[in-house]
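# Descriptive structure summary
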Amino acid sequence: MTSKFKPQTVLLIPDTHAMPGDSLERFGKLMAYLDKRNATLDKVVHIGDLWDFASLCTHDMDSPDWYKRSLNDDIQAGLEALDWIVSIAHAYGKAEIHFIEGNHEDRYNKWMKSDNRLLTSGFPQTVQQLLKNYRPQANVKFHPFLKPVTLMGAVFQHYFVSGVMGRPQGGEHHANNLLKSQHASCICGHSHLLSTATRTKADGSKLHALVAGCFVDPKGDFSYAKAAKKLWWNGVHLLHFYAPGEFDVESISLERLN
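The text that follows walks through the structure, step by step, so that each part is easy to find. Quick caveat, the model's predicted, so the values are computed rather than measured.

Criteria and thresholds
Residues numbered from 1 in each chain as written. Predicted model: local features only at pLDDT ≥ 70, side-chain atom pairs only at ≥ 80, totals over all residues. Heavy atoms only, no water. Helix = DSSP H or I, 4+ residues; strand = E, 2+ residues; numbered from the N terminus. Rg over C-alpha atoms; globule rule 2.2 N^0.38 Å. Buried < 20%, exposed > 50% of the residue type's maximum accessible area, 1.4 Å probe, protein only. Contact = heavy atoms within 4.5 Å. Areas by Shrake-Rupley, 256 points an atom, 1.4 Å probe, with all protein chains shown as cover. Lys, Arg positive; Asp, Glu negative; His and termini not counted. Charge placed at Lys NZ, Arg CZ, Asp CG, Glu CD. Pairing = 2+ DSSP bridges. Axes fitted to C-alpha atoms, helices over the stretch in contact; angles between N-to-C directions. Parallel < 35°, antiparallel > 145°, perpendicular 65-115°, else oblique. Left-handed = near helix turned anticlockwise from the far one by under 90°. Nonpolar A, V, L, I, M, F, W, Y, C, P; charged D, E, K, R; others polar.

Turning our eyes to something else, we now look at the overall build of the protein chain. On a plain count of helices and strands, the protein chain comes out with seven helices and 13 strands. In terms of overall size, the protein chain behaves like a compact globule, its C-alpha atoms giving a radius of gyration of 18 Å where 258 residues would be expected to give roughly 18 Å. By its C-alpha atoms, the protein chain is 55 × 40 × 35 Å across when sized along the principal axes. Among the 258 residues that make up the protein chain, the fraction classed as buried is 52%. For the protein chain, long-range pairs separated by at least 24 residues make up 65% of all intrachain contacts whose partners lie at least 6 apart in sequence. Of the accessible surface of the protein chain, which amounts to about 12,900 Å², a share of 51% is contributed by carbon and sulfur atoms. For the protein chain, the separation between the mean place of its 28 positive charges and that of its 27 negative charges on side chains is 5 Å.

Here it is, written out as structure tokens:
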């Protein structure tokens, strides 16, 4: 006989891309919103790309501003965002904190392996070690890039891959595509777009998919996105799990927090 499932509420925070000069007031507004709701959280999950690490980006090295960027400043910006997340988790039920690496954290890991100057720089060699060194008291449950994380019967991952080349899965109906390919309830970020889908199994239980958007500073420098930035959805989600793999999605846009 299986044990009865205990309903849980998860605060899901998508791609944050904290960078030097980032205004983190959106986290304060989120706390004010949760205060009004008298919220209780069981888990806080960051789906990846908490850091931006613009100083390690090779796509715009021809920009004069590229050489002005600081890895140390990049690290501190992400840690400041993490401090907000820890405060939120502790304030609303002492929730477990799960951090799932994104491709921007993996950018850091790859640089540390590939650049001999950084091997002796004193910087932690991985983001996991960075968290241990700089925020040991945070008690963050760390999950490596693209390793599936199953919580409450749903699979969390920064993005899910498609095809033998391992490209991020997407498409016009992204969430629906996830259900067809993954055959499980799943939650991801990465694209900064919002997409949801629900399907019913033969036994009447539900499969859900959520592509979670982003939670970025609306005034941040995302010039690389160009016109596509208008497609982004900015906010967070409360996932109300009522059965294994089954949850209601309560999306809270940045506009509502304002």
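Bringing the sheet that holds strand S2 (residues 43–46) into the picture now. Taken together, the six strands give an open sheet; going across it, the order is S4-S3-S2-S1-S12-S13, and neighbouring strands pair in mixed fashion. Looking at which strands have only one partner, the edges of the open sheet turn out to be strand S4 (140–143) and strand S13 (246–253). Across the sheet, the mean angle separating the axes of adjacent strands is 20° when strand polarity is ignored. The pairing of strand S12 (residues 235–243) with S13 spans eight bridges and is classified as antiparallel. Along S13, the bridge assignment pairs Leu238 with Glu250. Running over the sheet, helix H1 (residues 25–37) touches strand S1 (8–13), S12 and S13 and is turned about 120° from S13.

Time to look at the sheet that holds strand S6 (residues 154–156). Ordered by their spatial adjacency, five strands build an open sheet running S5-S6-S9-S11-S10, and the pairing between neighbours is mixed. At either margin of the open sheet sits one strand with a lone partner, and together these are strand S5 (149–151) and strand S10 (194–200). Across this sheet, the average inter-strand angle for adjacent strands is 15°, counted without regard to direction. Pairing analysis gives three bridges linking S5 to S6, with the strands arranged antiparallel. Paired with Leu151 across the bridge in S6 is Ala154.

Contact geometry for helix H2 (residues 71–91) and helix H5 (residues 127–134): axes closest at 12 Å, N-to-C directions at 65°. Viewed along their axes, H2 and H5 adopt a mutual orientation that is roughly perpendicular. The element H2 and its partner H5 pack so that their crossing is right-handed. Contacts from Ile75, Gln76, Leu79 and Leu82 in H2 reach Leu130, Leu131 and Tyr134 in H5. Here the contact of H2 with H5 is built from residues that sort into six nonpolar, one polar and no charged.

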